[in-house]
Amino acid sequence: MNAATAFAEVFVDELIRGGVEHAVLAPGSRSAPLALAFAAAERDGRLNLHVRTDERSAGFLALGLAKGSRRVVPVLTTSGTAAAHLHAAVLEASYSGAALLALTADRPPEMRGTGANQTIDQLRLFGDAVRHFSDVEVPERGLGSNDRWRTTVCQALAWARGDIDGRPGAVHLNLPLRAPLLPGMPESGRGGEGDETWPESLEGAALGMPWTEPQPRAVGDEHLAAVADSGDSTWLLLGDTVGEVSEIAVETAKRHGWPILAEPTGNAGRDAIPAYLGLLESEAFLSRHRPQRIMCVGRVTLSRAVQRLLEHEDVQVERFEFGPHWPDVGESIERLRSRFPGDGPESGRDASAALIEALATAADALLAYQDRIVNEAYLGGAKVARDLVCRLPTGARLFLGSSNPIRDVDRYARPRDGVEMLANRGVAGIDGSISTAVGIALSDPDRPTFALIGDLAFLHDLGGLSTVEGEPRPDLTLVVVDNRGGGIFAQLEPGRPEYERDYDRVFGTPHQLDLVKVARSLGWESEELRSADQLGDALVLGGPRVIVVRTDQRADADLLRRVRAGQDGATA
Ligand SMILES: Cc1ncc(C[n+]2csc(CCOP(=O)(O)OP(=O)(O)O)c2C)c(N)n1
Ligand SMILES: [Mg+2]
């Protein structure tokens with residue numbers, strides 16, 4: 001067996017021993033030994049391999065698989081620009097704490113800097129966006145290789161999981177490989193085909209165990225000091241985080257009698273106060289109920305009203321930004337638990353019960369007010385977001401695209417149980433949305449997956465729709481709100497009349513495409529949704545499917561203005 005093949009087989013075997021269940025690759029020649037090892041592992045039923053031709057899409061697919069499965073997901077590319085296309089997904093993984101392992105094949109050192117074809121400087125290609133980088137040694141026949149190769153894999157997995165520094169995220173291994181790259185091809189100077197000699201066993205540890213496992217990280221004392229519950233009015237604010245962290249935060253809040261406000265991907269379900277955003281936008285409401293302290297769990301990114309509250313001089317904020325996308329969130333939970341032991345002071349119970357009651361009453365009034373406006377309006381972004389969330393089947397997952405889709409859900413949808421919401425809030429890009437959603441769907445084929453995204457996000461990632469022959473098709477229904485461009489800008493300062501002349505050209509960037517035809521041309525079922533009544537029927541058809549709703553971004557911006565204008569009155 002040649003060295004590259006031996007290395008690749010050991011490497012993939014060790015990944016699987018370390019818990020890897022899904023891997024993604026895009027084809028290439030320098031990466032061939034690993035590609036073949038992944039294919040062999042899939043044939044043996046040891047992992048699920050996903051193949052994509054576009055590396056950017058492959059990277060986001062791996063990201064979605066990592067977020068959906070909460071396991072490390074490797075993505076393999078060949079050398080050159082192929083590797084660079086992973087950068088956006090690596091950044092999102094880094095900032096949202098998803099365990100993405102970028103594997104970039106490279107030329108061996110003697111070919112670097114010589115003008116060799118398809119060769120760039122891949123060392124630290126992703127800069128600080130990765131938790132760990134290693135330019136792995138070129139595989140060579142020799143004693144001790146098995147130990148070093150397997151240790152390299154174990155270390156990379158540990159960094160990605162956050163075992164080393166408590167921050168799960170992206171890891172980059174650059175893998176220089178020297179020809180021969182295909183099995184059965186002899187190394188120069190060695191015997192002919194079939195030369196199987198290898199100086200040591202290439203077996204892994206007994207019983208399918210990993211080669212090495214890192215020591216569990218000690219939790220610093222500074223995290224363990226309990227916060228005295230002073231009885232101040234305290235609220236829980238949940239940003240982007242995963243189920244277990246959300247659950248413990250919610251449980252803590254309930255024990256202490258704190259009101260719970262949650263962005264959609266905080267996944268607090270019906271424990272959250274509905275229409276909280278409108279409450280926080282109402283000065284009249286805040287002047288009566290502004291909290292003294294906020295426990296902020298997860299990554300909060302969606303609204304200016306929340307940022308204003310967090311920056312308010314009279315509000316004390318405690319942040320718990322846990323690395324959100326890793327299965328072993330036990331440590332995060334332990335930190336939160338130990339910071340807020342017990343049930344909170346007896347004395348404050350009545351006051352907090354009364355506060356929650358007051359908030360719930362204001363929220364109900366606001367929700368009724370918002371609903372009235374949305375009901376009377378045409379089928380725009382607000383109605384689609386609101387009705388979609390309410391009509392999803394229990395057990396579903398919902399990916400929310402950046403820009404208006406996640407914000408419309410945040411504002412208009414009634415919090416509900418039984419739906420897990422995910423998004424790319426690490427850096428809030430509109431890129432890779434389809435691929436991420438496909439990854440989430442393929443990470444658990446038994447759960448129907450839905451996505452709500454804008455038309456620009458859709459067009460940005462059309463590569464995510466194309467599927468290579470033989471690849472599993474996701475049970476994913478993509479709902480695309482087609483407002484012909486970046487509708488969010490119409491709601492922000494660029495939407496003001498004084499910028500009208502240049503609006504379309506440099507902000508809105510409208511397109512002329514029929515998205516139903518686009519989706520069909522790429523092999524997806526697709527239809528246009530013309531009335532809210534059809535939504536329920538459309539959602540049970542299953543995926544892969546694209547449902548397009550044509551809306552008007554100026555009308556939606558007007559609706560938001562009207563909703564905001566009456567909020568003070570509605571909560572009075
Ligand atoms: C990769 C990337 N490029 C640009 C942006 C800036 N951006 C934020 S929202 C937006 C418009 C998105 O349009 P669409 O997906 O149609 O959603 P809509 O605003 O219409 O709801 C853009 C370009 C971004 N967030 N990410
Ligand atoms: Mg749009």
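Our subject is the structure listed above.
All values reported here derive from a predicted model rather than from experimental measurement.

Trainee: Mind showing me how you'd approach the overall build of the protein here?
Mentor: Across its full length, the protein carries 22 helices and 16 strands. If you line up the protein on its principal axes, its C-alpha atoms span 85 × 60 × 40 Å. By element, 50% of the accessible surface of the protein is carried by carbon and sulfur atoms, the whole surface being about 23300 Å². Measuring between centres, the 60 positive side-chain charges of the protein sit 3 Å from its 82 negative side-chain charges.

Trainee: What exactly am I supposed to notice about the site of ligand 1 here?
Mentor: Not every one of the 17 residues close to ligand 1 is listed here, only the nearest: Ser403, Asp455, Asn483, Gly485 and Gly487. Measuring from a nitrogen atom of ligand 1, one finds a backbone N or O atom of isoleucine 430 at 3.0 Å. The backbone of isoleucine 488 places a nitrogen or oxygen atom 2.9 Å from an oxygen atom of ligand 1. Here ligand 1, which alone exposes 580 Å², has 74% of that area covered by the protein.

Trainee: What should I look at first to understand the sheet that holds strand β7 (residues 234–238) in this one?
Mentor: On the basis of which strands lie adjacent, the open sheet formed by 4 strands has the order β8-β7-β9-β10 and parallel pairing. Every other strand in the sheet has two partners, leaving β8 (260–262) and β10 (316–320) as the edge strands with one partner each. If you compare each strand with its neighbour and ignore which way they point, the axes differ by 20° on average. Sheet topology places β7 next to strand β9 (residues 293–297); 5 bridges connect them, and they run parallel. Bridge pairing in β9 places threonine 234 opposite arginine 293. Lying over the sheet, helix α10 (residues 304–311) contacts β7, β9 and β10, oriented at roughly 140° with respect to β7.

Trainee: What exactly am I supposed to notice about the sheet that holds strand β12 (residues 420–423) here?
Mentor: Across a sheet, paired strands are connected by hydrogen bonds in the backbone, their directions being either parallel or antiparallel. As summarised here, the arrangement of the 6 strands in space is β12-β11-β13-β14-β16-β15, forming an open sheet in which the pairing is parallel. Single-partner strands in this sheet number two, and they are β12 and β15 (525–528). Neighbour-to-neighbour, the strand axes of the sheet open up by a mean angle of 20°, direction not taken into account. Bridge count for strand β11 (residues 397–400) against strand β13 (residues 449–454) is 4 bridges, and the pairing is parallel. From the neighbouring strand, leucine 400 faces β13, where its bridge partner is leucine 452. Sheet contacts for helix α13 (residues 381–391): β11, β12, β13, β14 (476–482) and β16 (545–550); angle to β14, the most-contacted strand, approximately 160°.

Trainee: Please clarify how the nonpolar core should be interpreted in this entry.
Mentor: Inside soluble globular proteins, nonpolar side chains tend to come together where they are buried. Counting residues in each nonpolar core, the largest one holds 45 residues, and the members touching the most others are Val90, Phe458, Leu478 and Val546. Here the element with the most residues in this core is helix α3 (residues 55–69); it accounts for 7 residues. Those residues in contact with valine 90, other than ones at most four positions away along the chain, are Leu100, Ala102, Phe126, Ala129, Val130 and Ala170. Within the second largest apolar cluster, 39 residues are counted, among which are Ala8, Ala41, Leu157 and Leu175.

Trainee: What should I look at first to understand the coordination of the magnesium ion (ligand 2) in this one?
Mentor: Each donor-metal-donor angle in an ideal tetrahedron of four donors is 109.5 degrees, and each such angle in an ideal octahedron of six donors is either 90 or 180 degrees. Within the first shell, the magnesium ion (ligand 2) binds the protein through Asp455 (OD), Asn483 (OD1) and Gly485 (O), at distances of 2.0 Å. The sequence pattern formed by the donor residues of the magnesium ion (ligand 2) is D-x27-N-x1-G. Residue aspartate 455 is located in helix α16 (residues 455–460), and its partner glycine 485 is located in the loop between β14 and α17 (488–491); the two are separated by 30 residues in the primary sequence. Taken as a pair, aspartate 455 and glycine 485 share a single burial class, namely buried.

Trainee: So what exactly am I meant to see when it comes to the pairing of β10 here?
Mentor: Within a regular strand, side chains alternate between the sheet's two faces. Sheet topology places β9 next to β10; 5 bridges connect them, and they run parallel. Bridging from a neighbouring strand, cysteine 296 pairs with arginine 319 of β10.

Trainee: How should the packing of α3 against helix α15 (residues 433–443) be read in this particular structure?
Mentor: Angle between the axes and distance between the axes are the two parameters that describe a pair of packed helices. For the pair α3 and α15, interaxial distance at closest approach is 6 Å and the crossing angle is 45°. Between α3 and α15, the angle falls in the class oblique. Taken as a pair, α3 and α15 cross one another with a handedness that is right-handed. Counted together, Ser57, Phe60, Leu61, Leu63, Gly64, Leu65, Gly68 and Ser69 of α3 and Ser435, Thr436, Val438, Gly439, Ile440, Leu442 and Ser443 of α15 form the full contact between these two elements. The residue inventory of the contact of α3 with α15, partitioned by class, reads 7 nonpolar, 8 polar and no charged.

Trainee: Just checking my understanding: could you explain α3 for this structure?
Mentor: Residue pairs spaced three or four apart in an α-helix point in one direction, given the helix's 3.6 residues per turn. The first and last C-alpha atoms of α3 sit 20 Å apart over 15 residues, in line with the 21 Å expected at 1.5 Å per residue. Across the 15 residues that make up α3, a large majority, 14, are buried. In this structure aspartate 54 caps α3, since a side-chain oxygen of it lies 2.8 Å from the backbone nitrogen of arginine 56. Immediately downstream of α3, the backbone of arginine 70 shows phi near 55°, a positive value.

Trainee: What is the right way to read the side chain of glutamate 263 from this model?
Mentor: Summarising the element assignment, glutamate 263 is placed in the loop between β8 and α8 (276–281). No salt bridge is formed by the buried glutamate 263, whose closest oppositely charged neighbour, arginine 425, lies at an N-O distance of 5.6 Å. Among the polar contacts listed, one links the side chain of glutamate 263 to the backbone nitrogen of leucine 302, at a separation of 2.9 Å. Not counting residues up to four positions away in its chain, the partners in contact with glutamate 263 are Leu238, Gly239, Asp240, Tyr276, Arg299, Val300, Thr301, Leu302 and Asp410.

Trainee: In this structure, what is going on with the side chain of serine 57? I would like to understand it.
Mentor: Relative to the helices and strands, serine 57 resides in helix α3. Take serine 57: its relative accessible area is 2%, and that puts it in the buried class.

Trainee: Honestly, the packing of helix α1 (residues 3–17) against helix α2 (residues 32–43) in this entry has me stumped. Any pointers?
Mentor: Where α1 meets α2, the closest approach of the two axes is 8 Å, and the angle between their N-to-C directions is 45°. Taken together, the axes of α1 and α2 lie oblique to each other. Pair α1 / α2 crosses with right-handed handedness. Listed contacts from α2 to Ala4, Phe7, Ala8, Glu9, Phe11, Val12, Leu15 and Ile16 of α1 are Pro33, Leu34, Ala37, Phe38 and Ala41.

Trainee: Quick question: what am I supposed to make of a nonpolar patch on the surface here?
Mentor: On the surface, Leu36, Leu182 and Met185 cluster together into a nonpolar patch covering about 250 Å² of accessible area. Position of leucine 182 relative to the elements: it lies in the loop between β6 (171–176) and β7. We classify leucine 182 as partly exposed; its relative accessible area is 39%.

Trainee: How should I be thinking about the pattern of salt bridges in this particular structure?
Mentor: If charged atoms from side chains of opposite charge come close, those side chains can pair. What the rule picks out here adds up to 31 salt bridges. Of the charged contacts, one joins aspartate 13 and arginine 150 as a salt bridge, the two residues approaching to 2.8 Å between their closest N and O atoms. Placement of the pair is aspartate 13 in helix α1 and arginine 150 in helix α6 (residues 145–161), with a sequence separation of 137 residues. For the residue pair aspartate 13 and arginine 150, the accessibility class agrees, reading buried in each case. Here arginine 290 makes a salt bridge to glutamate 283, at a shortest N to O gap of 3.6 Å. You can call glutamate 283 partly exposed: its relative accessible area is 49%.

Definitions and limits used
Residues numbered from 1 in each chain as written. Chains lettered and ligands numbered in written order. Predicted model: local features only at pLDDT ≥ 70, side-chain atom pairs only at ≥ 80, totals over all residues. Heavy atoms only, no water. Helix = DSSP H or I, 4+ residues; strand = E, 2+ residues; numbered from the N terminus. Areas by Shrake-Rupley, 256 points an atom, 1.4 Å probe, with all protein chains shown as cover. Lys, Arg positive; Asp, Glu negative; His and termini not counted. Charge placed at Lys NZ, Arg CZ, Asp CG, Glu CD. Near = heavy atom within 4 Å. Polar contact = N/O pair within 3.5 Å; in protein donor to acceptor, adjacent residues only side chain to side chain. Pairing = 2+ DSSP bridges. Axes fitted to C-alpha atoms, helices over the stretch in contact; angles between N-to-C directions. Contact = heavy atoms within 4.5 Å. Core = buried A, V, L, I, M, F, W, Y, C linked by side-chain atoms within 4.5 Å. Buried < 20%, exposed > 50% of the residue type's maximum accessible area, 1.4 Å probe, protein only. Donors = N, O, S within 2.8 Å, 3.2 Å for Na, K, Ca; no water. Parallel < 35°, antiparallel > 145°, perpendicular 65-115°, else oblique. Left-handed = near helix turned anticlockwise from the far one by under 90°. Nonpolar A, V, L, I, M, F, W, Y, C, P; charged D, E, K, R; others polar. Expected span 1.5 Å × (residues − 1). Salt bridge = Lys/Arg side-chain N within 4 Å of Asp/Glu carboxyl O. Patch = residues over 30% accessible without salt bridge, like charges linked within 9 Å, V, L, I, M, F, W, Y side chains within 5 Å.

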